[in-house]
Amino acid sequence: MRRVIIAGNWKMNKNISESIDLANSIKRSLYDIEEVEIVICPPFTSLSDVNEITMETNIKLGAQDCFWEKEGAFTGEVSAGMLKSVGCEYCIIGHSERRQFFGETNETVNKKLKVLLKENIKPIVCVGEKLEERKSGRTFDVIKDHVVNSLAGISKEEMVRTVIAYEPVWAIGTGVNATKEQAEEAHKYIRTLLGQMHGDDVAKSVRIQYGGSVKPENIKELILQEDVDGALVGGASLKADSFVQLVKNCL
Ligand code: PGA
């Protein structure tokens, strides 16, 4: 059985005091929920303070990116070991905003994936097509390129510890989510690819989140799809009310 996983990606929002408020509200409302795995991913600057709040609770802490080197002269970067030391159990990598604005490629995602797995942090690897790629019938090609190359060279055991987020770029922050049928079609395809790479047992165990304009109103129909195992949530994770409701609507 794959446990539903809802992760809030706060992106570049919330200073420290705002982060503390939001994390406290989420904890207060969701402290007794075990059926859904709950992850929040504040900006780097808030990780330490939010960790004080979520430590030893059912709310897990995640980061939004990392660098693949262990340490050294890499101004501005943060290593997986540093994320571990601040309490991160998860880390998003390969988000489309990083691919679009910061030169992230499948190759750099793959390096980050390996270093996170080594540090025992669970990677959330984002994949998904742009609007023009969908319109020109290349959705599956793009998904295959992202999945096969971002996830290359890891063991079956490491694959099972990895979460995939299918995030069609045209659905992110637009208010237009993929329909449940579009999401299921892509997720099923990703699972088929995982089966080819690692066998059916592994494919069946890996959790695949959907991301892109997920709200309390549409989460239920999405997670009812056979291959949709949760969501990576941007905008709706920034207010306690909507994030809490979204998690509760999964129950
Ligand atoms: P959104 O963002 O929920 O605001 O569409 C999702 C994401 O980018 O992870």
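For clarity, every value in this text was computed on a predicted model and none was experimentally measured.

Peer 1: What am I meant to see in the site of the ligand here?
Peer 2: The environment of the ligand is formed by 13 residues, the closest being Lys-11, His-95, Glu-167, Gly-173 and Ser-213. At 2.7 Å from an oxygen atom of the ligand is found a main-chain nitrogen or oxygen belonging to Ser-213. In the model, an oxygen atom of the ligand is placed 2.8 Å from a nitrogen or oxygen of the Gly-234 main chain. Surface burial for the ligand is 95%, taken as the share of its 280 Å² of free accessible area covered by protein chains. Of the residues assigned to the shell around the ligand, the class counts are 4 nonpolar, 7 polar and 2 charged.

Peer 1: Sorry, what's going on with the packing of helix α1 (residues 16-30) against helix α2 (residues 47-54) here?
Peer 2: Packed helix pairs are specified by the crossing angle of their axes together with the interaxial distance, meaning the distance between the axes. In the contact formed by α1 and α2, the axes pass within 9 Å of each other and the chain directions differ by 20°. Viewed along their axes, α1 and α2 adopt a mutual orientation that is roughly parallel. The handedness of the crossing between α1 and α2 is right-handed. Contacts between α1 and α2 pair Ile-16, Ser-19, Ile-20, Ala-23, Asn-24 and Lys-27 from the former with Asp-49, Val-50 and Ile-53 from the latter.

Peer 1: I keep staring at the layout of surface pockets and nothing clicks. Help me out?
Peer 2: The probe, sized like a water molecule, is rolled over the atoms to show the empty space still left. Space inside the largest pocket adds up to approximately 490 Å³. Lining the largest pocket are 18 residues, with Lys-11, Met-12, Gln-64, Arg-98 and Phe-102 positioned closest to its centre. When residues of the lining of the largest pocket are assigned to their parent elements, the largest contribution, 3 residues, is made by helix α4 (residues 96-101). For the lining of the largest pocket, the per-class residue count stands at 9 nonpolar, 4 polar and 5 charged.

Peer 1: How should I be thinking about the pattern of salt bridges in this particular structure?
Peer 2: The final tally for this structure, using the stated rule, is 15 salt bridges. Its salt-bridge partner being Lys-188, residue Glu-184 comes within 3.5 Å of it at the nearest N-O pair. Pair noted here: Glu-184 and Lys-188 are both in helix α9 (residues 180-198), with a separation of 4 residues, about one helical turn. We classify Lys-188 as partly exposed; its relative accessible area is 40%. Between Arg-191 and Asp-229 there is a salt bridge, with its nearest N and O atoms 2.8 Å apart. In this pair, Arg-191 sits in helix α9 while Asp-229 sits in the loop between α11 (219-223) and β8 (230-233), placing the two residues 38 residues apart along the sequence.

Peer 1: Could you clarify how one ought to interpret the sheet that holds strand β4 (residues 90-93) in this entry?
Peer 2: Adjacent strands of a sheet form backbone hydrogen bonds with each other and so pair up, either parallel or antiparallel. Read around the closed barrel, the 8 strands follow the order β1-β2-β3-β4-β5-β6-β7-β8; overall the barrel is parallel. Each strand axis lies, on average, 25° off the axis of its neighbour in the sheet, ignoring direction. Across 3 bridges, strand β2 (residues 37-41) lies against strand β3 (residues 59-63) in parallel orientation. Bridged to Val-39 within β3 is Lys-60. Contacting β1 (5-9), β2 and β8, helix α12 (residues 240-248) runs over the sheet at an angle of about 165° to β1.

Rules and cut-offs
- Along every chain, residues carry numbers that run from 1 in the direction the sequence is written.
- Selection of residues for local features in this predicted model requires a pLDDT of at least 70, selection of side-chain atom pairs for listing and counting requires 80 or more, and totals for whole chains, interfaces and linings are taken over all residues.
- Hydrogens and water molecules were not included; the side-chain quantities draw on all heavy atoms of the structure.
- It suffices for a single heavy atom of a residue to lie within 4 Å of a molecule or strand for the residue to be listed as near it.
- In protein, a polar contact means a hydrogen-donor-capable atom and an acceptor-capable atom, both N or O and within 3.5 Å, with residues adjacent in sequence counting only if both atoms are side-chain atoms; elsewhere, any N or O pair within 3.5 Å suffices.
- Here the Shrake-Rupley method, with its probe set to 1.4 Å, supplies the accessible areas, and only the displayed protein chains count as covering residues.
- All residues other than Ala, Val, Leu, Ile, Met, Phe, Trp, Tyr, Cys, Pro, Asp, Glu, Lys and Arg, Gly among them, are scored as polar; the first ten of these are nonpolar and the last four charged.
- Helix axes are fitted to C-alpha atoms over the stretch in contact, other axes to C-alpha atoms as well, and angles between N-to-C directions run from 0 to 180 degrees.
- Segments assigned H or I by DSSP are reported as helices when at least four residues long, segments assigned E as strands when at least two residues long, and all are numbered from the N terminus.
- Here the angle decides the label: under 35 degrees means roughly parallel, over 145 means roughly antiparallel, 65 to 115 means roughly perpendicular, and every other value means oblique.
- In this scheme the handedness of a crossing depends on how the near helix is turned from the far one: anticlockwise by less than a right angle means left-handed, clockwise means right-handed.
- Should any heavy atoms of two residues lie within 4.5 Å, those residues are considered in contact.
- Definitions used throughout: a 1 Å grid over protein atoms alone; a cavity as a set of points that fits a 1.4 Å probe which cannot get out; a pocket as an open set with protein on both sides within 12 Å along at least five of seven lines; a lining residue as one with an atom within 4 Å of a point.
- Grid points are joined across faces, edges and corners, and a volume is the space filled by probe spheres set on the points.
- Salt bridges are defined by distance alone: a side-chain nitrogen of Lys or Arg within 4 Å of a carboxyl oxygen of Asp or Glu.
- Summary of the burial criterion: residues with accessible area below 20% of their type's maximum are buried, those above 50% are exposed, and those between are partly exposed, where the area comes from a 1.4 Å probe applied to protein chains only.
- Two strands make a pair as long as DSSP finds a minimum of two bridges between them.

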